[in-house]
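Listed below, chain by chain, are the residues.
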Amino acid sequence: MTESPGHGFPEPEWGSATGDPRSSRGPDRSAVPPPWPPPVPAHKPGVIPLRPLGPGDIVGATFAAVFGNPRVYFGMSAVVTVATVIVALVIDLVIGVAVGVIGGDGLPNPRAALTSASGVATDAGSVAGWLLAGVVAYPVARDVIGVRAGLRESWRFGRPFVGRLIGTVLLLAVGLVLVAAPAIALLLVGIGSPDLDVLLAVAVASVLLIIPVVWLAVRLSVAMPAVTIDNLSPPAAIARSFALTRGLFARYFTVFVILGIVATVVDTVFSGLVGLITDVVGSTAGDVVGIVTAVLVTVILAPMFAVASSVVHTDSRIRKEGLDIALTQLVADRDGPPWASR
């Protein structure tokens, strides 16, 4: 008498979900539900998903914002950069006259003035990039929730904060210079030494001394957006930047390294072009081209770092303060449920 496989259990069918080792097809996996539901994608109303971001997310959101609204970001970059460079060149000219960048006949020395102005324009570009990080914080915040801000609207929001942004830039500059001073002093002392061992020791020590500068720059990377978005004074914005980036240095350092590589490639291309033009037209005209190129490179690259600072500011608030929950609710209240009539 043949026994059934068990009381109440049916005979297994070949190729069924219960399967049989002798079946040539094996179990029918399509009939077996997965042991856990698939992950629910984070809501993404704008340039970022409303969840904690990885370095790739931040870099991707940076380019999505800049090239998704180029009129605002490149337009604001052009205005801030040109204004900063003009102010810096005027100050440089006044200082040059005061310290004697004047020929023996009492006339200006154009060659010396142009050489100085080229370096000043480059340094002013860095200052413009810091200022821009605060100015573009508003359109980035709008891009995060899927609302595109216009140029006039963005200027109207950012204009009242200009004084505080300038004050924050001055504090940041003083802090970074003080931290970098030992490395700069060491380089100045050792660079004239004919001893190769001394030069090597100075180079290694300078690199080690620059590490605190890099650490400080990353920890202060959200101070400018904090001024405008969080409506803070310069000291409070710097303190908030330290608080928001605590424990996140490696993540945000990676972001700025990636963007730095992109910036280096672009800057190298433009520098090569300036060199070729200088060889053709001469050094004086080449200095003029160098000033124009420095402004152009800043206009192109500054939005990239400025927008990244604002995206980092948003990510740090998502991680530290649960901003994603508030933003999700904000978007839901604005858009209504998906089944609501339009």
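Below or above, wherever it landed, is the structure these notes cover. (Residues numbered from 1 in each chain as written. Predicted model: local features only at pLDDT ≥ 70, side-chain atom pairs only at ≥ 80, totals over all residues. Heavy atoms only, no water.)

Remarks on the overall build of the protein
Per the secondary structure count, the protein includes 12 helices and zero strands. Listing the helices and strands of the protein from first to last along the sequence gives α-α-α-α-α-α-α-α-α-α-α-α. Look at the contacts in the protein between residues 6 or more apart in sequence, and 75% of them connect residues 24 or more apart. By element, 70% of the accessible surface of the protein is carried by carbon and sulfur atoms, the whole surface being about 19,200 Å². (Helix = DSSP H or I, 4+ residues; strand = E, 2+ residues; numbered from the N terminus. Contact = heavy atoms within 4.5 Å. Areas by Shrake-Rupley, 256 points an atom, 1.4 Å probe, with all protein chains shown as cover.)

Some points on the layout of surface pockets
Here the idea is plain: a probe the size of a water molecule rolls over the atoms and shows the empty space left. Considered as a void within the structure, the largest pocket measures approximately 1,300 Å³ in volume. Lining the largest pocket are 41 residues, with Gly 125, Ser 126, Gly 129, Trp 130 and Phe 305 positioned closest to its centre. Only helix H3 (110-135), helix H6 (162-190), helix H7 (196-219), helix H10 (249-281) and helix H11 (283-321) provide two or more residues apiece to the lining of the largest pocket. (1 Å grid on protein atoms, 1.4 Å probe; cavity = no way out; pocket = protein on both sides within 12 Å on 5 of 7 lines; lining within 4 Å. Points joined across faces, edges and corners; volume = space filled by probe spheres on them.)

Thoughts on the side chain of Ser 241
The topology assignment puts Ser 241 in helix H9 (residues 234-244). At 3.3 Å, the side chain of Ser 241 and the backbone nitrogen of Val 222 are in polar contact. (Polar contact = N/O pair within 3.5 Å; in protein donor to acceptor, adjacent residues only side chain to side chain.)

Overview of helix H5 (residues 151-158)
Buried within H5 are the following residues: Leu 151, Ser 154 and Gly 158. In an axial view of H5, the angular spread of the buried residues amounts to 65°, which keeps them on one side of the axis. (Buried < 20%, exposed > 50% of the residue type's maximum accessible area, 1.4 Å probe, protein only. Arc of directions from axis to C-beta.)

Considerations on the environment of Ile 258
One can find Ile 258 in helix H10. Sequence-wise, Ile 258 and Gly 56 are 202 residues apart; in three dimensions their C-alpha atoms are separated by 9.3 Å.

Quick word on the environment of Ala 64
Position of Ala 64 relative to the elements: it lies in helix H1 (residues 55-68). Overall, Ala 64 belongs to the partly exposed group, its relative accessible area being 38%.

Structural notes on a nonpolar patch on the surface
A grouping of Ile 210, Val 214, Phe 253, Val 257, Ile 261, Val 265, Val 269, Leu 273 and Leu 276 is seen on the molecular surface, where their side chains present a nonpolar patch of about 740 Å² in accessible area. Of all elements in the fold, only H7 and H10 reach the threshold of two or more residues within the nonpolar patch. Top element by residues in the nonpolar patch is H10. It accounts for seven residues. For Phe 253, the location among the structural elements is in helix H10. (Patch = residues over 30% accessible without salt bridge, like charges linked within 9 Å, V, L, I, M, F, W, Y side chains within 5 Å. Salt bridge = Lys/Arg side-chain N within 4 Å of Asp/Glu carboxyl O.)

Structural notes on the pattern of salt bridges
Inspection of the entire model under this criterion finds six salt bridges. We note a salt bridge from Arg 317 to Asp 230, for which the minimum N-O separation is 3.5 Å. Of this pair, Arg 317 sits in helix H11 while Asp 230 sits in the loop between helix H8 (223-229) and H9, and the two are 87 residues apart along the sequence. Exposure remark for Arg 317: the relative accessible area of 18% places this residue in the buried category. The class for Asp 230 is buried, based on a relative accessible area of 18%.

A short note on a positive patch on the surface
A cluster of basic side chains, namely Arg 71, Arg 152, Arg 156 and Arg 159, defines a positive patch on the protein surface. Structurally, the position occupied by Arg 71 is in helix H2 (residues 70-99). (Lys, Arg positive; Asp, Glu negative; His and termini not counted. Charge placed at Lys NZ, Arg CZ, Asp CG, Glu CD.)

Focus on the nonpolar core
Within the largest apolar cluster, 61 residues are counted, with the highest numbers of intra-cluster contacts made by Ile 48, Val 136, Val 144, Val 307 and Val 311. Top element by residues in this core is H11. It accounts for 10 residues. Residue contacts for Val 136: discarding those within four places in its chain leaves Tyr 73, Met 76, Ala 306, Val 307 and Ser 310. Formed by nine residues, the second largest nonpolar core is a distinct cluster that contains Ala 88, Ala 121, Ala 124 and Ala 294. (Core = buried A, V, L, I, M, F, W, Y, C linked by side-chain atoms within 4.5 Å.)

Purely geometric numbers; function is a separate question.
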